[in-house]
Amino acid sequence: MKPRRREHEARDNRHARKPDAPASQSSAPALDEDDLMKIVAERAVPFLLILDCVQDPHNLGAILRSADGAGVHAVVAPKDKSVGITETVRRISVGAADHVPFVQVTNLARTMEHLKKAGVWIVGTSDQADKLLYQIDLKGPLALVIGAEEKGMRRLTEENCDFLAKLPMAGKVECLNASVSAGVCLYEAVRQRLQA
């Protein structure tokens, strides 16, 4: 008989190293804005994900897992008011945290401006948007923006987006969990890119 887990304890993950094991050679420290701009310059059609103050390590882990599966070239987050790569993030990401470039920047609005100058279109997610995500062209150089849990995107982040999009919500709740929204948005971009 297997030992029972405590009520809010996650199951063991065979893909992540044990907490007392030494760090793997593949895990890398967070990258900075200069690294991000090199990644963008190296790609003909960059595909990025920007997280505006996502604080829950379980959400970040799930988002990194989806980003890896969708082929995202880098995930960008501010240094402040955001979770970084932790053991919980690594465990929940099933190893994706060691493979998807994770960029932490000091000034997210300035980074978004630099991305736009480099030809990247920025699409933010907002419940207040007029257009549905499915009505926006996601095939070119792209950065999708997912806002924080409960609060969504900050004002400056929203102002730096080229387009705002929302997901259709037919039920009583106003929005989806940040990691679920990220997965839906990423794979809509993947669907459009595959059809192009």
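Residue indices follow the written sequence of each chain, beginning from 1 at its first position. The model is predicted, so local features are restricted to residues of pLDDT at least 70 and side-chain atom pairs to those at 80 or more, both for listing and for counting; the totals for chains, interfaces and linings are taken over all residues. Derived side-chain values reflect all non-hydrogen atoms in the structure, with water molecules and hydrogen atoms excluded from consideration.

Before going further, it helps to spend a moment on helix α2 (residues 57-70). The terminal C-alpha atoms of α2, which comprises 14 residues, lie 20 Å apart, in line with the 20 Å expected from a rise of 1.5 Å per residue. A 1.4 Å probe rolled over the protein chains alone gives each residue an accessible area, and that area as a share of the maximum for its type sets the label: buried under 20%, exposed over 50%, partly exposed in between. Helix numbering and strand numbering both begin at the N terminus, where a helix is a DSSP run of H or I of at least 4 residues and a strand a DSSP run of E of at least 2. Listed in full, the buried residues belonging to α2 are Asn 59, Leu 60, Gly 61, Ile 63, Leu 64, Ala 67 and Ala 70. Any two residues having at least one pair of non-hydrogen atoms within 4.5 Å are treated as being in contact. In this fold, the buried residues of α2 make contact with β1 (47-51), β2 (74-78), α3 (87-92), β3 (102-105) and α6 (178-195). One or two steps after α2, the chain reaches Gly 71, where phi turns positive at roughly 85°. For a helix, the expected span equals 1.5 Å multiplied by the number of residues minus one.

The next subject is the sheet that holds β2. Any two strands with at least two DSSP-identified bridges between them are counted as paired. Judged by pairing direction, the sheet is parallel, and its seven strands sit side by side in the order β3-β2-β1-β6-β4-β7-β5 without closing on themselves. A single partner strand is all that each edge strand has here, and the edge strands are β3 and β5 (131-132). In terms of strand pairing, β2 meets β3 through four bridges, oriented parallel. Bridge pairing links Val 76 to Val 103 in β3.

Before going further, it helps to spend a moment on the packing of α2 against α6. The N-to-C vectors of α2 and α6 enclose an angle of 10°; their axes lie 9 Å apart at closest approach. Between α2 and α6, the angle falls in the class roughly parallel. Residues Asn 59, Ala 62, Ile 63, Ser 66, Ala 67, Gly 69 and Ala 70 of α2 lie in contact with α6, whose contacting residues are Ala 178, Ser 179, Ala 182, Gly 183, Leu 186, Tyr 187 and Val 190. Looking at the contact of α2 with α6 residue by residue, the classes come out as nine nonpolar, five polar and no charged. Here an angle of 0 to 180 degrees is reported between the N-to-C directions of two axes, which are lines fitted to C-alpha atoms, with helices fitted over the stretch in contact. Roughly parallel means an angle under 35 degrees; roughly antiparallel means over 145; roughly perpendicular covers 65 to 115; every other angle is labelled oblique. For this classification, the nonpolar set comprises Ala, Val, Leu, Ile, Met, Phe, Trp, Tyr, Cys and Pro, the charged set comprises Asp, Glu, Lys and Arg, and every other residue, Gly included, is treated as polar.

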